[in-house]
Amino acid sequence: MTSVDLQCITLSNGYKMPSLGLGTWTMWKGEEGHVQKAVETAIDVGYRHLDCAYCYQNENEVGAAIATKIKDGTVKRQDIFVTTKLWCTFLAAKNVKNGLQTSLQNLGLEYVDLYLIHWPMSYQAGSELFPKSEEGELLLTNDSFIDSWRVMEECVDAGLVKSIGVSNFNVDQIKRVCDACRIKPASLQVEVNPLMTNKPLIDFCHSQNIAVTAYAPFGSPSRFWKKDDEPCLLEQQTLKAVAQNKKKSTAQVLKVQ
């Protein structure tokens, strides 16, 4: 018996994606092994969608958790929907397959269910996540995400990825992909919460049959760039009042927004 709602949405290509997923960003802050334990616990209580990324620097522990839960019979590989993302240092078309293969190796998987372009920008290739000049400026390149997308389509053809999509793209950028693509984006991942509704962007995606995944639904209170005077969504008085009236937590109210 599981305790997580396992409702799914059907993507435009026919694959089903669990509507509730476990995000693994910020998990790198803890001690070694805590990500694996957290993901194992999530699978035990019913989570079947795991959201990962190369830049989170914890794909190996996520993969170890998946392997453990497959080995002990809790799940089969086809029961788990794994999303991961192409980082900006791999965005150049010549580096896309290497970026994917690196994530697959980290995760210990033969394929991922959804592969997203993490951001619509390209950094200088190399081992640094955020390569900078001696002056401290990010080292950007002119590589096109359209060229990257065409290589991602080849990854679908090769069976390394079931679905492809984008993250942190705006309407114009999504239109550029749609106009040039052979395989349409199956999903957009973007921040969505009461402080950042992104309604025009969501409406556009729905008009194009592109699923939208909301990250930071609780406002990402642990984000490292948060300023002291910025509001904490979980402490917002209106939401707390609704939660009290419904005898729920603020987080539970946000889950059904």
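Up top is the structure.
Model, not experiment: these values are computed from the prediction. (Residues numbered from 1 in each chain as written. Predicted model: local features only at pLDDT ≥ 70, side-chain atom pairs only at ≥ 80, totals over all residues. Heavy atoms only, no water.)

**Student:** What am I meant to see in the overall build of the chain here?
**Tutor:** Within the chain, the regular secondary structure consists of 8 helices and 9 strands. Expected size for 257 residues packed as a compact globule is a radius of gyration near 18 Å; at 19 Å, the chain falls within 12% of this value. Dimensions of the chain, computed from the C-alpha atoms along their principal axes, are close to 55 × 45 × 40 Å. When contacts within the chain are restricted to residue pairs at least 6 apart in sequence, long-range pairs at least 24 apart make up 67% of them. (Helix = DSSP H or I, 4+ residues; strand = E, 2+ residues; numbered from the N terminus. Rg over C-alpha atoms; globule rule 2.2 N^0.38 Å. Contact = heavy atoms within 4.5 Å.)

**Student:** It is not clear to me how the packing of aromatic side chains should be interpreted in this structure. Could you clarify?
**Tutor:** Aromatic ring pairs are defined here through the distance separating the ring centres and the angle between the ring planes. Enumeration according to the criterion identifies 5 aromatic pairs in this entry. Put simply, the rings of W87, Y123 and F130 touch in pairs and so form one group of aromatic residues. A cation over a ring is seen here: R77 above Y111, with NZ or CZ 4.1 Å from the ring centre. (Phe/Tyr/Trp six-rings, centres within 6.5 Å; stacked < 30°, edge-to-face > 60°. Lys NZ or Arg CZ within 6 Å of the ring centre and 35° of its normal.)

**Student:** Can you help me understand the pairing of strand β7 (residues 161–167) in this one?
**Tutor:** Both faces of the sheet carry side chains from a regular strand, because those side chains alternate between them. Extensive coverage of β7 is indicated by the burial of 6 of its 7 residues. Bridge analysis of strand β6 (residues 112–117) against β7 gives 5 bridges, and the strand direction is parallel. Looking at β7, one finds that L114 is bridged to S163. Assessed by its sense of winding, the connection that carries the chain from β6 through helix α4 (residues 145–157) to β7 is right-handed. As a crossover connection, the stretch from β7 through helix α5 (residues 171–180) into strand β8 (residues 187–191) is right-handed. (Buried < 20%, exposed > 50% of the residue type's maximum accessible area, 1.4 Å probe, protein only. Pairing = 2+ DSSP bridges. Right-handed = clockwise from strand over helix to strand, strands pointing away.)

**Student:** Looking at this structure, how should I read the packing of helix α3 (residues 93–107) against α4?
**Tutor:** A pair of packed helices is characterised by two quantities: the angle between their axes and the separation of those axes. Running from amino to carboxyl end, α3 crosses α4 at an angle of 40°, the nearest separation of the two axes being 8 Å. The angle between α3 and α4 places the two elements in the oblique class. Considering the relative orientation of α3 and α4, their crossing is right-handed. Residues A93, V96, K97 and L100 of α3 touch α4, and the partners they reach there are D147, S148, V151, M152, E154 and C155. For the contact of α3 with α4, the residue count by class is 6 nonpolar, 1 polar and 3 charged. (Axes fitted to C-alpha atoms, helices over the stretch in contact; angles between N-to-C directions. Parallel < 35°, antiparallel > 145°, perpendicular 65-115°, else oblique. Left-handed = near helix turned anticlockwise from the far one by under 90°. Nonpolar A, V, L, I, M, F, W, Y, C, P; charged D, E, K, R; others polar.)

**Student:** I would appreciate a short explanation of the pattern of salt bridges in the present structure.
**Tutor:** Note that side chains of opposite charge can pair when their charged atoms are close. Counted by the stated rule, this structure contains 9 salt bridges. We note a salt bridge from K69 to D72, for which the minimum N-O separation is 2.7 Å. In this structure K69 comes out as buried when scored by relative accessible area, which is 7%. Exposure remark for D72: the relative accessible area of 43% places this residue in the partly exposed category. For E154, the salt bridge identified is with K97, shortest N-O distance 3.1 Å. Taken as a pair, E154 in helix α4 and K97 in helix α3 lie far apart in primary sequence, 57 residues in all. (Salt bridge = Lys/Arg side-chain N within 4 Å of Asp/Glu carboxyl O.)

**Student:** What am I meant to see in α3 here?
**Tutor:** An α-helical segment advances 3.6 residues per turn. Residues three or four places apart therefore align on the same side. Compared with the 21 Å implied by 1.5 Å per residue over 15 residues, the 22 Å span of α3 between its first and last C-alpha is a close match. Within α3 the residues assigned to the buried category are N95, V96, G99, L100, S103, L104 and L107. On its buried face, α3 sits against α2 (59–71), β5 (81–86), β6, α4 and β7. (Expected span 1.5 Å × (residues − 1).)

**Student:** Teacher, can you tell me more about the sheet that holds strand β3 (residues 22–23) here?
**Tutor:** Reading across the sheet, the 7 strands line up as β3-β4-β5-β6-β7-β8-β9 and stay open at both edges, with parallel pairing between neighbours. Each edge of the sheet is formed by a strand with only one pairing partner; in this case those strands are β3 and β9 (211–215). Sheet analysis places β5 next to β6, joined by 4 bridges and oriented parallel. In the sheet register, K85 faces β6, and the bridge partner there is L116. Along the sheet, α4 contacts β5, β6 and β7; its crossing angle with β7, the most-contacted strand, is approximately 160°.

**Student:** Even after reading the chapter, I still don't get the environment of A216, so can you show me in this structure?
**Tutor:** Of note, A216 is situated in the loop between β9 and α7 (237–246). Leaving out residues up to four positions away in the same chain, A216 has contacts with E191, V192 and N193.

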